[in-house]
Amino acid sequence: MRAVGLWRAAMRCRNCQFQNMPGTDLCGRCGTSLRIATAVIDVQPPRAGRLSKRIRRVMPRRPSGYYDARDAMLQARDEFTGRVVSAVPRLPPAPVVWRLVIPGWSYFYLGQRGRGHLALWGWLAFLLPGLFFFGTTLGSILLGLAFSVHSSAALDIVSRTMQPAEGVVRQMIRGMGVSIVLFVAVYWPAGWLVTRVADAHGVMAAASPFDEGDVVLVNHWRKPLPGRVVLYNIPDFRQRPAVAHGVTYYNFEGERIDRVLAGPGDRVRWAGGELFVNGKPSPLKPLAARWVPGPMEFAVPADQYLILPSTTPQVRNVQDPVLWHVLGLVPREDIVGQVYLRSHPLGRFGAIR
């Protein structure tokens, strides 16, 4: 059922604003026709469909307190969210935050020069010796102390520029948070970059010209060109003993250090302690050439390099050519990087050539 309402558009003329007399359709002054406006009002709102009615019959009706419980839960959620947002402290100003990468810089920015000098020079007092002894136990301890000084200075700055943390637990959480952010944002990227060009490796077993405990630096970005000393993973070689007596069981694996003698596609001959590459004499020799037997010939496959394991004590003076061919041909992916410096002990400090 629909109701239609009719009424006069206006009691005044739109053109001359003359007051009309009730019951007339024309303006008494200018003769303008008055329009009749209409409006349609639906007095019967839409009803539920048949499918909705069937679903309501099958589904259980909600209890009378459902909406009260729902409203209470929504109100509790809003209150909890508001408390969490209000409890989160405001961060220090941006100029203070990004200056935290260097201890003392934020102190200088805030005008606290005394604290700035104490944090900066205390950090350098541990950092520089730690880098000098990098790769040793002492170096690790010194670098850890440098990080502690840096983290303490950053925490002090954060505590001074933010709302103080109430309670021991909150103070511990803030301290751990500052240390984690500082490590992830500063020390982890810096450590990754340093180890790409100066990765410290300790020699685990004496193998001339290295002694047990020596620390060497490895550059992972240098290509394995002939003549360079490299750190590499020796190809796995396992020889099972036969039924007959007198067969030696070999098992080689792990990292080794030696010189690249030839590259992919080269034909190599080792005889009388001399190296010939593609029929021409080469000045290159393994690091411990006196332990390499001969004569031997190699055809270096593609994407492999010839590195005779002269620093491996177990293969010295072994005449088995199969052993030397398997261990001497190293795939490119097994070469870790170039070894260019022996940093410790200090008495043997020097470049490796």
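Residues numbered from 1 in each chain as written. Predicted model: local features only at pLDDT ≥ 70, side-chain atom pairs only at ≥ 80, totals over all residues. Heavy atoms only, no water.

Engineer: Got a sec to walk through helix α6 (residues 137-161)? Specific residues and values, please.
Structural biologist: When the terminal C-alpha atoms of α6 are compared, their 37 Å separation across 25 residues agrees well with the 36 Å that a helix rising 1.5 Å per residue should span. For α6, every residue scored as buried is listed here: G139, L142, A146, H150, S151, A153, A154, I157 and V158. Those residues of α6 hidden inside the fold are in contact with α3 (94-98), α4 (105-109), α5 (113-132) and α7 (168-197). (Helix = DSSP H or I, 4+ residues; strand = E, 2+ residues; numbered from the N terminus. Expected span 1.5 Å × (residues − 1). Buried < 20%, exposed > 50% of the residue type's maximum accessible area, 1.4 Å probe, protein only. Contact = heavy atoms within 4.5 Å.)

Engineer: Give a detailed account of the side chain of S282, specifying residues and quantitative values.
Structural biologist: Mapped onto the secondary structure, S282 falls in strand β11 (residues 280-282). Under the relative-accessibility criterion, S282 is labelled buried at 14%. Beyond its immediate stretch of four places on either side in the chain, S282 contacts L275, F276 and V277.

Engineer: I'd like to hear about the side chain of R342, residue by residue, with values.
Structural biologist: Tracing the backbone shows R342 in strand β15 (residues 335-344). A distance of 3.0 Å separates the side chain of R342 from the side chain of D214, its partner in a polar contact. Engagement of the side chain of R342 in a polar contact is seen with the backbone oxygen of R348, the distance being 3.2 Å. Look past the residues within four positions of R342 in its chain and what remains in contact with it is P209, F210, D214, V215, V216, R348, F349, G350 and I352. (Polar contact = N/O pair within 3.5 Å; in protein donor to acceptor, adjacent residues only side chain to side chain.)

Engineer: Account for the sheet that holds strand β12 (residues 296-299), naming residues and giving values.
Structural biologist: With respect to topology, four strands assemble into an open sheet ordered β11-β10-β9-β12, the strand pairing being antiparallel. Whereas interior strands pair on both sides, the edge strands pair on one side only; in this sheet they are β11 and β12. This sheet shows a mean twist of 25° between the axes of neighbouring strands, independent of strand direction. Where strand β10 (residues 274-277) lies against β11, three bridges are found, and the strand directions are antiparallel. Bridge pairing links F276 to P281 in β11. (Pairing = 2+ DSSP bridges. Axes fitted to C-alpha atoms, helices over the stretch in contact; angles between N-to-C directions.)

Engineer: Hey, could you go over the packing of α5 against α6 for me, with residue numbers and the actual values?
Structural biologist: Contact geometry for α5 and α6: axes closest at 7 Å, N-to-C directions at 160°. If you check the angle between α5 and α6, you find them roughly antiparallel. Judged by the twist between their axes, the crossing of α5 over α6 is left-handed. Of α6, the residues touching α5 (which contributes R115, A119, G122, W123, F126, L127, P129, G130 and L131) are G139, L142, L143, L145, A146, V149, H150, A153, D156 and R160. Residue classes in the contact of α5 with α6 are distributed as 12 nonpolar, four polar and three charged. (Parallel < 35°, antiparallel > 145°, perpendicular 65-115°, else oblique. Left-handed = near helix turned anticlockwise from the far one by under 90°. Nonpolar A, V, L, I, M, F, W, Y, C, P; charged D, E, K, R; others polar.)

Engineer: For unusual backbone geometry, give the residues involved together with the corresponding values.
Structural biologist: Of note, the amide linkage connecting H344 to P345 takes the cis form, showing an omega dihedral of 0°. On the secondary structure map, P345 appears in the loop between β15 and β16 (350-351). Positive phi, close to 55°, is recorded for N278, a residue that is not glycine. Summarising the element assignment, N278 is placed in the loop between β10 and β11. The phi angle at D303 is positive, at roughly 65°, despite the residue not being glycine. Within the secondary structure layout, D303 lies in the loop between β12 and β13 (304-306). Here D303 falls in the partly exposed class, since its relative accessible area comes to 45%.

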